[in-house]
Number of protein chains: 4
Amino acid sequence: MELGMVGLGRMGANMAERLVGHGHHVVGFDPGERARDAASSRRIVTAPSLVELVAQLLPQRVLWLMVPAGEAVDSTLAELLPLLSEGDVLIDGGNSNYKDTMRRAAMLAGHGIHYLDCGTSGGIWGLKEGYSLMIGGDEAVVERLRPLFAALAPDPDSGWGRVGPSGAGHFTKMVHNGIEYGMMQAYAEGFAIMQRKSEFALDLHQVAQIWRHGSVVRSWLLDITANAIEHNPRLEGVAPFVADSGEGRWTVAEAIDLDVSAPVITLSLLERLRSRESDSYADKLLAAMRNEFGGHAVKRSE
Amino acid sequence: MELGMVGLGRMGANMAERLVGHGHHVVGFDPGERARDAASSRRIVTAPSLVELVAQLLPQRVLWLMVPAGEAVDSTLAELLPLLSEGDVLIDGGNSNYKDTMRRAAMLAGHGIHYLDCGTSGGIWGLKEGYSLMIGGDEAVVERLRPLFAALAPDPDSGWGRVGPSGAGHFTKMVHNGIEYGMMQAYAEGFAIMQRKSEFALDLHQVAQIWRHGSVVRSWLLDITANAIEHNPRLEGVAPFVADSGEGRWTVAEAIDLDVSAPVITLSLLERLRSRESDSYADKLLAAMRNEFGGHAVKRSE
Amino acid sequence: MELGMVGLGRMGANMAERLVGHGHHVVGFDPGERARDAASSRRIVTAPSLVELVAQLLPQRVLWLMVPAGEAVDSTLAELLPLLSEGDVLIDGGNSNYKDTMRRAAMLAGHGIHYLDCGTSGGIWGLKEGYSLMIGGDEAVVERLRPLFAALAPDPDSGWGRVGPSGAGHFTKMVHNGIEYGMMQAYAEGFAIMQRKSEFALDLHQVAQIWRHGSVVRSWLLDITANAIEHNPRLEGVAPFVADSGEGRWTVAEAIDLDVSAPVITLSLLERLRSRESDSYADKLLAAMRNEFGGHAVKRSE
Amino acid sequence: MELGMVGLGRMGANMAERLVGHGHHVVGFDPGERARDAASSRRIVTAPSLVELVAQLLPQRVLWLMVPAGEAVDSTLAELLPLLSEGDVLIDGGNSNYKDTMRRAAMLAGHGIHYLDCGTSGGIWGLKEGYSLMIGGDEAVVERLRPLFAALAPDPDSGWGRVGPSGAGHFTKMVHNGIEYGMMQAYAEGFAIMQRKSEFALDLHQVAQIWRHGSVVRSWLLDITANAIEHNPRLEGVAPFVADSGEGRWTVAEAIDLDVSAPVITLSLLERLRSRESDSYADKLLAAMRNEFGGHAVKRSE
C-alpha cells in the first residue's frame, strides 16, 4: 500500500523503514532537513513539504502522523486539512491524549476525513521486532488498512488490533504506559535493594540474566534492564534524574476521574517527579520541624 | 544423578518429575500418603519415611527440601541430621527467609553437611518451561550438582546460577517476589482502569493479547493475565481477596532496614492487606471525623 | 456593615448568624423555602428572591456567596450580574476551584464588580469558634470589608488575611484541604493499628484524650476524633465509606502540575476512593493471576 | 515525692527540672560530667554514679530512666539490678520498643522490681507546657506514683494515664510517633505545593498563622511550623535531609504484622529514607531503562 509518513524522528523513520521493508510505498516528510536526509539514506522517499507529500499520494490517501503530542498535532492537522480529499485517512500514531483525539476525530469527520488513533508501543526496538498497535476508530477503515498494521506488528495476526471507537487506541496506550511506569519502578526498587545489600556482593547483571529464563518476573523490560546494566552495573555517570512524557500523568488523572485507586501507578509517577527535585522544600521543612519541636540538629546544606 | 526430594506438594512433585524426565534418579518422600501415591502415579519412586528415603540414597547424598518455609524446614532438618553423613548436601528450594537460611547453613556446616539455598521461580508452569534458580552456597558444591540445576532450569546454561554465599539465593528470590508484587499490582491497576472506562467497552483479553506481542509491557505475567481473563473477563465469582505468602513482607522490611525507599513494592503489599479488610476501622473513623467536623452524613453499615 | 448572604445551607446560615451576632446587618437568600424559614428562626432577615435580596441592600453592596462549588456559582453569578452596580463586591466563600475563581474575577472586573475569593475553614464549629479565612483579591477591597472578616474570624486580628491576588484564597484553601486529608488519614491509620492490637485492649477514647494535652500530635482534628469515638469507640453502624468533596483531587492534580511529589496527600485521596470500591477489579485480577501462575486457590465471592 | 532520674540529656534534665519545680525531690545521674554539671546549675541534685544515686534514695525507690532506647536501657538495667530492693519501681520514659519493654518487665518482675513504661511526648516544649504520658504497667503502682505523673503532665488530671499492661505505654507512643510522621509529611507536602506556586507569591508564614486560628488543620505541629518558617521562609541553609529515630519503622512493621494497611504512615517513613539518598540507584536504573528501550537521552551525573 501507499502511505505518507509525517514526522521522521526516531519513531517515524523506523516505522517508515519497516513498512518499506514489507513492500509498502512510503513517502516521508519532516520539517527538518537533517531528518529528511537521514530518512533518504534509509531508502525512504521524502518530500520537502506537506504540500508535496500530499501531492505525491493518490486519493484515498493514508497519512500517518508521528509528531510530538500536543500542539504539533493540531498545527499539522490545520496545515493538512486544506490539502486532503474526502475519504482520506489520517492516523495519529503518537502519544496523544485520548480526549484530544476524540475532539480531532469529530472535527475531521465533519470534513469527511477518517481519523484513526494508533497507540504504538515498542520503542526503538520496534524496527526489528515489530510494534504493538492499539487502534481506535472506524472498523471498516481499520480493516482497509490491515496490510499496513500487519507489516508494522510483530506478526500479521498478532500484536495489533482495533480496540474500540475513536480515542480507545490512545486511551489503551495511555494505560499501557501507566503500567510500564509501575513495572519499571518495581524492577528499579528491587535492583536497588539488591545493590544496597553489599554483604552478598550480588552481580546484578547475572541476576537479571537468571530471571530472564523461567522466572515469574521475566519480561521484555527485564531483557532491556539486563542490557542496561551489562557493561555498567553501578550505572556510573548516570544521573538519578527520570523524565516523564505525559501518559503517566494522564493515567493518574484518569484513574482519579474514574474513582479507581491506582496507588502503584501513581507512586511511580511521583517517584519520577521526586527524582528531579534536588532541594525538596518538603524535606527541608520536615528537618526544620524536627529541630523546632525536638531540638534535633538540622543538617546544613552546602 | 541421584536425588532425594523431601516434600511432594505442587512444587516438589513437579520438580521431581522434571528431574526424572531428564534422566535423574529421584526418590521422593512426603509425610502425606496421598501425596506419595500421586507422585508414584507420576513415575516417581517414593519412600514411606525420611529414614527409608535416606537409606535408599548413596553418600554423598543430595536431598532437596521442598517444604513450607518456617517451622517445617527446621523440624525436617532436625529429623534428617542424625541420618546424614559428612559431605551430604541439603538444598532448601523453598521460600525460606534468608536469615533463617544463614543460621541453618552455619549449624549444618558444624556437622559437615553442605547446605545450599535455591530460590525457585516458575510456579506450576516450571514443570514444562523449566525453573529459574537462584542459588546461594559453596561454589564447588553448586558445580558438583550442575546436572541437577541444568535439568530443572529452562536450558542447561541459562535460568540458573550461583549468585553468592549462603543466603544469597533466598535473598535474591525474596527480592524477585517483591518485584513480582509490584508488577502484578501495576497490571491489576491498569486493567482496573480500563475495565472501569465503560464508554470504550474494551475487550480486556484482546488488549492483553495485543500487548503480548511487541509492546514494552509484554511479560510472562501478562501471558498469564491473558489466560486468567480469557474465559471470564469480568472475573465473576472471584472474590477481591489477595493472599500473600511472606516474601513481600520480608522485602519491605529488608528495604527499610537498608534505608532504601521502595514505595511501589511496599504499596503492593499494603494493597493486599487492604483487600482482606472488609470493614476498615480507618475508613470508618474517617467517615466519623467528617461527620463530626463538617456535619457530613455518615453512610450506615448494613 | 450590611451584607447579603446567598445560600443558607449549613455553612451560610451559620456564618450569617455569626455576623448578626457581631452587630452586622445580614439579609439572606436561599432558593429553598425551608432553608429561608430555618434562617428566619435564627434571627436572620431573608429575602424570597435574589432580586429582592439585592434590592434590600444599598450600593456599594457586599454579597457573600455560600453555594456549592461548580455550576451553582456560575449560574448564581449569571443571575446576579444584571442586578448589580459598579463597585459592588461579590465574595465566593465556598470551595471553588481557584482557576474558576480567576476566570470569574476577570469576567466580573469587566463589569466593574469586585470579586474576592475567601477560602473558609472551620466546619460546623465555626459558628462558635470562628472561621479561618484565606482571602484572595484586591487589597483595598479586602481592607474595606475588614469588619466582616474580623467578625467571622476567631479574633479580629487573627485567623484571617488576604494571602494574594484573585484565586490565591481558594488555592490556599485547596492546599489546606489536601493537608487535612493527610492528617485525617494519619490519625485514622494510627487508631486502626491500636484498635487491631487486641492484646492491649486499649481504650481509644482515653488515648485520644491523653494525646490532646501536651503531645506532639495534639490538634483540633484530634479533639474532634475524641468526640467521634467517645460514645461509640468501635464505630458500630458506621460504614467504611469515605466521601470526598473535590479539593483533594485538585490538590493532587496541582501538585503533579507543579512537579511536586506529594505522596501522602495523594495516597489519602486514593484511600478514600478505595473505601468506596466494594468489589475491586484489581484485587480480583491479582487473585486470578496468583491462581494462574502458582495454583493458589481463589476465594469465591458470595 | 522522691525520684532518681537516670539520664540528664535534653529530655531527662527538662523533666527533672519540671518535677523539682512542682516540689518533688529529684536526684539525677548521667555518665557525662558535663550533663551533671549542667543539671546542677538548674537546681537538680546529682549523684556521680548509679551506686550513689541509688544510695541517696529511700526504698521503695522510684527511678526514671531517660536514656537512649536499645542497648543503653539493657546495660543500665543490668547495672541497677543488684543495687535495687524488692518493691522498687523503674520507669522507662524513653522510646523503647514495646516488645523489649515486655521482656524487661517480665525479667524484673522475677526480681520483685516493678517496671512501668511511660511513652513521653512533648519534646523540648514539655518543660513549660507539660508532657503527654502514656503509661503501661501495674495499675496500683501507677496510682502510687500519681503525684509524679500529675507534675509532669500539663494538668494534674489530663494529658496522662495508664493505658494498659506492660508494653501498652510504649506501644501507644510508637503509634503516636507514626501519626506524627504522617501529619508532618502532610504539612510538608502542602507547604511545598504552596511554595512552588510562584504566581501567587504566598507568604507561607502568614498562611500558617491564619490556619492556626479557626481552621480544621490547626494543631500544635502547625504552631511549630509557623515558628520554623517565621524568620527563614525559604529554609535557606537547611539541607533536605530528614532523620528518623526508630518508632516510625516499628509502627510500619507492626501495622504489617497486624495486617493493617497504613499507607500514609508508611510513605511518610519512606520519604525520610528517600531524603537521605543522594544518588538513588533506582532512579539511575529508570533513566538507563528509558534510554535502552526508547532511546531517551540520559542526564549525566557531574
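What counts, and where the lines are drawn
- Residues numbered from 1 in each chain as written.
- Chains lettered and ligands numbered in written order.
- Predicted model: local features only at pLDDT ≥ 70, side-chain atom pairs only at ≥ 80, totals over all residues.
- Heavy atoms only, no water.
- Contact = heavy atoms within 4.5 Å.
- Salt bridge = Lys/Arg side-chain N within 4 Å of Asp/Glu carboxyl O.
- Polar contact = N/O pair within 3.5 Å; in protein donor to acceptor, adjacent residues only side chain to side chain.
- Helix = DSSP H or I, 4+ residues; strand = E, 2+ residues; numbered from the N terminus.
- Nonpolar A, V, L, I, M, F, W, Y, C, P; charged D, E, K, R; others polar.
- Axes fitted to C-alpha atoms, helices over the stretch in contact; angles between N-to-C directions.
- Parallel < 35°, antiparallel > 145°, perpendicular 65-115°, else oblique.
- Domains from an automatic or database assignment.
- Buried area = accessible area lost by both parts, 1.4 Å probe.
- Least-squares fit on C-alpha atoms with pLDDT ≥ 70 in both.
- Pairing = 2+ DSSP bridges.
- Buried < 20%, exposed > 50% of the residue type's maximum accessible area, 1.4 Å probe, protein only.
- Arc of directions from axis to C-beta.

Enquirer: Help me understand the interface of chain A and chain C in this model?
Expert: In this assembly, 19 residues from chain A lie in contact with 19 residues from chain C. Summed over the shared surface of chain A and chain C, the number is 4 salt bridges. A salt bridge links Arg276(C) to Asp259(A); the nearest nitrogen and oxygen atoms lie 3.8 Å apart. The tally of links between chain A and chain C comes to 8 residue pairs in polar contact (both at pLDDT 80 or more). Broken down by secondary-structure element, the contributors of at least two residues to the side of chain A that touches chain C are helix 12 (247-257) and helix 13 (263-275) of chain A. Here the side of chain A that touches chain C is built from residues that sort into 11 nonpolar, 2 polar and 6 charged.

Enquirer: Just to check I follow, could you spell out the packing of helix 4 (residues 71-80) of chain C against helix 5 (residues 98-109) of chain C for this structure?
Expert: The axes of two packed helices give the description: the angle between them and the distance between them. All names here are of chain C. Look at helix 4 against helix 5: their axes get within 12 Å of each other, and the N-to-C directions meet at 5°. What the angle tells us is that helix 4 and helix 5 run roughly parallel. Across from Val 73, Asp 74 and Leu 77 in helix 4, the residues of helix 5 making contact are Arg 103, Arg 104 and Leu 108. Across the contact of helix 4 with helix 5, the residue classes break down as 3 nonpolar, no polar and 3 charged.

Enquirer: Explain the domain arrangement of chain A here, please?
Expert: Reports of interface size often rely on the accessible area that becomes lost once the parts have come together. All names here are of chain A. Per the domain assignment, the segments making up chain A are domain 1 (2-164) and domain 2 (173-279). Between domain 1 and domain 2, the contact holds 12 residues from the first and 11 residues from the second. Interface of domain 1 and domain 2: buried area, both sides summed, is about 890 Å²; carbon and sulfur atoms make up 54% of it. The interface formed by domain 1 and domain 2 holds 1 salt bridge in total. The residue Asp 257 makes a salt bridge to Lys 99 at a minimum N-O spacing of 4.0 Å. Applying the counting rule to domain 1 against domain 2 returns 6 residue pairs in polar contact (both at pLDDT 80 or more). Looking at the side of domain 1 that touches domain 2, the elements with two or more residues in it are helix 5 (98-109) and strand 6 (114-121).

Enquirer: Teacher, can you tell me more about the relation of the copies chain A and chain C here?
Expert: Two chain copies, one operation linking them: a rotation about an axis together with a shift along it. Under the fitted operation, chain A is carried onto chain C by 0.0 Å of movement along the axis and a turn of 180°, and the coordinates agree to an RMSD of 0.0 Å. The superposition of one copy onto the other is thereby described by a two-fold rotation axis. Among all C-alpha atoms of chain A, that of Ala253(A) lies closest to the rotation axis, at 3.6 Å.

Enquirer: Can you walk me through the sheet that holds strand 2 (residues 25-29) of chain A in this structure?
Expert: The mixed open sheet is built from 8 strands, whose spatial order is 3-2-1-4-5-6-7-8 (chain A). Every other strand in the sheet has two partners, leaving strand 3 (45-46) and strand 8 (160-164) of chain A as the edge strands with one partner each. In the sheet, strand 5 (residues 89-92) of chain A pairs with strand 6 of chain A via 4 bridges, with the strands oriented parallel. The residue of strand 6 of chain A that forms the bridge with Val89(A) is His114(A). Lying on the sheet, helix 10 (residues 204-211) of chain B is in contact with strand 7 (132-136) and strand 8 of chain A; it crosses strand 8 of chain A at an angle near 150°.

Enquirer: Would you mind going over helix 2 (residues 33-40) of chain A with me for this structure?
Expert: For an α-helix the count is 3.6 residues per turn, leaving residues at separations of three or four pointing the same way. Residue and element names in this part refer to chain A. Of the residues making up helix 2, those classed as buried are Ala 35, Arg 36 and Ala 39. The arc enclosing the buried residues of helix 2, seen along the axis, measures out at 100°, which places them on a common side. The exposed set on the far side of helix 2, more than 90 degrees from its buried face, consists of Glu 33 and Arg 34. Against strand 2 and strand 3 lie the buried residues of helix 2.

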